[in-house]
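# Secondary and tertiary structure notes
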Amino acid sequence: MIASTCKKSLPMLLILAVAVALSLCSFTAPAAHADTPALAAASAKTLAAAPAKGQVKAAKSTASKTITVTAAKDATASHYQFALSTSKSTKGIVKKAVSTKPSCKFTSLAEGKTFYAFVRTIATVDGKKVYGSWSQPKAVKVKTHPFVGKWTLCKMDQNGEVTGASGLERLKKIGLTVKLNMEKNRKATLNVFGDVMKGTWSAKTETKGTAIMEGEKIKVTYNAKTKRLSLSQPGAALIFKK
């Protein structure tokens, strides 16, 4: 009975096997997506237009609290992205800026602090931005304002009566000196023969500013050529050197 059942089942199994084989042979792979060539072309176009690795041409601090970064020009770039990092790695980036020009100026930076400048170029392909690789870092130290430092009186002018080095040297021998301390935090201390006056200072430019000492407004001037700092009021001027 069992054998009989098996014999009757064999033709059906063969029919099923043939049907499956025929279906496999007649299977036609789906046509490639119509957009595949276009996508491949777009991808190739994007790769071809990708800008080269960025290059920092120069990074300088010519004025206090500022850094100017200049990038090497890239003909494929539509924009340049600049960055300042606190380390030699882009992971330490704290400031970024984008410009159509190959240069950028960062302001309001901590005086005396060292930053690492980076740049990368940006190309625009079919309205989309394509970024190049970040450049190698370039270290630059932020310039400290020329007013900052510890100064010693080297000349005094009161209503045209000038006291120079020899006169001040005689005062120094008897313990009378005039010292000025201008700090980065814009605080100032003036010590005149042991009498200490405290105040603050501010700068309009790298050479001109104002100090407020004990409530009095004093003009501050720095001579970049002689490297002398002067505090002056009508009829009187104190000139210092570092």
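In short, a report on the structure. Note that residues are indexed from 1 along each chain, following the sequence as it is written. The predicted nature of this model means local features are confined to residues of pLDDT at least 70 and side-chain atom pairs, given and counted, to a pLDDT of 80 or more, with totals for whole chains, interfaces and linings taken over all residues. Side-chain metrics in this entry use all non-hydrogen atoms of the structure; hydrogen atoms and water are not considered.

Our next topic: the overall build of the chain. We count a stretch as a helix when DSSP gives it H or I for four or more residues in a row; a strand needs E for two or more, and each element gets its number in order from the N terminus. Helices and strands together make up the secondary structure of the chain, namely three helices and 17 strands. Considering the chain as a whole, with its 242 residues, one finds that 29% of them fall into the buried category. Residues count as neighbours in contact if any of their non-hydrogen atoms are within 4.5 Å of one another. The long-range share in the chain, meaning contacts at least 24 apart out of those at least 6 apart in sequence, stands at 54%. Surface exposure of the chain reaches about 15,600 Å², of which carbon and sulfur atoms provide 58%. Burial status follows relative accessibility: with a 1.4 Å probe on protein chains alone, a residue under 20% of its type maximum counts as buried, one over 50% as exposed, and anything between as partly exposed. All accessible-area figures derive from a Shrake-Rupley calculation using a 1.4 Å probe, and residue coverage is judged against the displayed protein chains alone.

In this section: the pairing of strand β14 (residues 208-213). Only when DSSP finds a minimum of two bridges between them are two strands counted as paired. In terms of strand pairing, strand β13 (residues 195-203) meets β14 through five bridges, oriented antiparallel. Among the inter-strand pairings, Ser202 is bridged to a residue of β14, identified as Thr210. Counting the residues in the hairpin turn of β13 and β14 gives four residues. The pairing of β14 with strand β15 (residues 216-223) spans six bridges and is classified as antiparallel. Directly across from Ile212, in β15, lies its bridge partner Lys217.

The next thing to look at is the pairing of strand β1 (residues 56-60). With four bridges connecting them, β1 and strand β2 (residues 67-71) associate as antiparallel partners. Note on β2: the bridge partner recorded for Val56 is Ala71.

This brings us to the nonpolar core. Note on soluble globular proteins: their nonpolar side chains tend to be buried together. In terms of nonpolar packing, the biggest core is built from 20 residues, with Leu180, Met182, Leu229 and Phe240 touching the most fellow members. Of all the secondary structure elements, the ones that give two or more residues to this core are β9 (149-158), β11 (178-182), β12 (187-192), β14, β15, β16 (228-233) and β17 (236-241). Residues belong to a common nonpolar core when they are buried Ala, Val, Leu, Ile, Met, Phe, Trp, Tyr or Cys residues joined through side-chain atoms within 4.5 Å.

Our next topic: a positive patch on the surface. Surface patches are drawn from residues lacking salt bridges whose relative accessible area is over 30%; two like charges belong together within 9 Å, two nonpolar side chains (Val, Leu, Ile, Met, Phe, Trp, Tyr) within 5 Å. The rule for a salt bridge is simple: a side-chain nitrogen of Lys or Arg has to be within 4 Å of a carboxyl oxygen of Asp or Glu. For the charge count, each Lys or Arg is scored as positive and each Asp or Glu as negative, with His and the chain ends excluded. A single reference atom marks each charge: NZ on Lys, CZ on Arg, CG on Asp, CD on Glu. The grouping of Lys172, Lys179, Arg228 and Lys241 at the surface amounts to a positive patch. Mapping Arg228 onto the fold places it in strand β16.

It is worth spelling out unusual backbone geometry at this point. Positive phi outside glycine occurs at Lys65, with the angle close to 65°. With respect to the helices and strands, the residue Lys65 is situated in the loop between β1 and β2. One non-glycine residue with positive phi stands out, namely Arg186, at about 70°. Here Arg186 lies in the loop between β11 and β12.

Now for the sheet that holds β1. Pairing within the open sheet is antiparallel, and its three strands lie in the order β1-β2-β5. Two strands in the sheet have a free side with no partner beyond their single neighbour: β1 and β5 (103-106). For this sheet, the mean inter-axis angle between neighbouring strands, taken without regard to orientation, is 15°. In terms of strand pairing, β2 meets β5 through four bridges, oriented antiparallel. The residue of β5 that forms the bridge with Ile67 is Phe106. Comment: axis = line fitted to C-alpha atoms, over the contacting stretch for helices; angle = value between 0 and 180 degrees taken between N-to-C directions.

Next up on the list: the pattern of salt bridges. Once their charged atoms are close, side chains differing in charge can pair, the charge on each being opposite to the other. For the coordinates displayed, the defined rule picks out two salt bridges. Between Glu111 and Arg186 there is a salt bridge whose closest N-O contact spans 2.8 Å. Taken together, the residues span a long stretch of sequence, with Glu111 in the loop between β5 and β6 (114-125) and Arg186 in the loop between β11 and β12 at a distance of 75 residues. Pair check on accessibility: Glu111 and Arg186 agree, each one buried.

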